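# Structure assessment
One-letter residues, chain by chain:
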Amino acid sequence: MFPPERAVSPPAGWLWTLENDMGSRESSIVILDSILLSSSDWPVRKRFRGRFVCTLANLCMEELRDEVADNRQPQEDIDPLFVNRWSPRAMTGEPLDEEQYMSLFEAARWAPSSYNNQHWRFLYATREDDDFEQFSELLGDANQVWTDDAAVLVTIVTKSTFDHNGEPARTHSFDAGAAWQNIALEASRRGLVAHAMQGFDYEAAAEQLNVPDGHDVECMIAIGERAPADTLPEELEEREFPKGRKDMDEILFHGGFDE
Ligand SMILES: Cc1cc2nc3c(=O)[nH]c(=O)nc-3n(C[C@H](O)[C@H](O)[C@H](O)COP(=O)(O)O)c2cc1C
């Protein structure tokens, strides 16, 4: 619609349309980007620049979702992205496109780690794979009840030593936690479920998934397309809402712990 090689000066009407009648955030961002790049009229560009940037920021910024706002009240001003993430269990049982779940692993890849060692390894099976049952059987009964409807099951493993010197890497698990959070945030952004689990047989996972020496099994994750809460057994349906958090004064200490 607005090829970058075309010089365009954006009339205010376009901005109103983009701000108030957006088809989708992504396409609006592309259109705004194109306008910004292609406008050769410098005074117009200057005049509208502030509004472009604001509009772009607003388009990129998520809002607190209704189901979340009912249950969670952040104590400070933060991006809603963090508060919108939660751990639903209800999933449709439909497979996911490869690009959907690969984006979650891509997000994980960009997590920070000590010495940029990237200790994390992700073993996965999609529900179309023969291995899915093997992954599923590692899980405890309480988790299997709802993970039967997952599209992808993941086991996170970490390498516990540094690549460059073979010394123990104290933060290998901590760093994998950051990678998991990236998966969770990207899944939430896409409206997908990503639910971490420690309720599984760690020894069986290490053995059956051929986890090498010097590696630790950390966690499993169920990923899938969200389904309505009433598709869950009653007891789980009652727990299908975003949980609150401890107050800041329970977790934050200015200086050391009191003696
Ligand atoms: C490492 C880890 C292990 C977890 N294990 C399980 C589990 O085995 N089964 C389960 O249903 N939920 C599990 N959870 C989900 C937590 O109960 C959930 O993250 C917590 O209640 C906070 O809720 P929220 O993620 O919706 O904010 C786990 C979460 C994490 C991060």
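The structure under discussion appears in the preceding block.
In this text, all values refer to a predicted model and were calculated from it rather than measured experimentally. (Residues numbered from 1 in each chain as written. Predicted model: local features only at pLDDT ≥ 70, side-chain atom pairs only at ≥ 80, totals over all residues.)

## Observations concerning the overall build of the protein chain
Along the backbone of the protein chain there are 12 helices and 4 strands. Buried positions account for 24% of the 259 residues belonging to the protein chain. (Helix = DSSP H or I, 4+ residues; strand = E, 2+ residues; numbered from the N terminus. Buried ≥ 20, exposed ≤ 12 C-beta atoms within 10 Å, placed from the backbone.)

## Digging into the nonpolar core
With 33 residues, the main nonpolar core has Leu104, Val152, Ile183, Ala187, Ala194, Ile221 and Ile223 as its most contacted residues. When residues of this core are traced back to their parent elements, those giving at least two are α6 (98-109), α7 (131-138), β2 (152-159), α9 (172-189), β3 (192-197) and β4 (215-225). Here this core gets 6 residues from one element, more than from any other, and that element is α9. Other than its neighbours up to four places away in sequence, Ile221 contacts Val154, Ile156, Trp180, Ile183, Ala194, His195, Ala196 and Met197. (Core = buried A, V, L, I, M, F, W, Y, C linked by C-beta atoms within 7 Å. Contact = placed C-beta atoms within 7 Å.)

## Considerations on α6
Helix length check: α6 (12 residues) gives 16 Å between terminal C-alpha atoms against 16 Å at 1.5 Å per residue, within 8%. Three or more residues of α6 are buried, namely Tyr101, Leu104, Ala107 and Ala108. What you see down the axis of α6 is that its buried residues fit within an arc of 105°, all on one side. Turned more than 90 degrees away from the buried face of α6 sit Glu98, Glu99 and Met102, all of them exposed. (Expected span 1.5 Å × (residues − 1). Arc of directions from axis to C-beta.)

## Remarks on the site of the ligand
The environment of the ligand is formed by Trp86, Ser87, Asn143, His195, Ala196, Met197, Gln198, Gly199, Cys219, Pro242 and Lys243. For the shell around the ligand, the element with the most residues is β3, which contributes 3 residues. Classifying every residue of the shell around the ligand gives 5 nonpolar, 5 polar and 1 charged. (Near = placed C-beta within 6 Å. Nonpolar A, V, L, I, M, F, W, Y, C, P; charged D, E, K, R; others polar.)

## Looking at the packing of α6 against α9
Packing of α6 against α9 brings their axes to within 7 Å, and their N-to-C directions diverge by 140°. Classed by the angle they form, the pair α6 and α9 counts as oblique. α6 and α9 meet at a crossing whose hand is right-handed. Contacts from Ser103, Leu104, Ala107 and Ala108 of α6 reach α9 at Ala179, Asn182, Ile183, Leu185, Glu186 and Ala187. Along the lines of polarity and charge, the residues of the contact of α6 with α9 split into 7 nonpolar, 2 polar and 1 charged. (Axes fitted to C-alpha atoms, helices over the stretch in contact; angles between N-to-C directions. Parallel < 35°, antiparallel > 145°, perpendicular 65-115°, else oblique. Left-handed = near helix turned anticlockwise from the far one by under 90°.)

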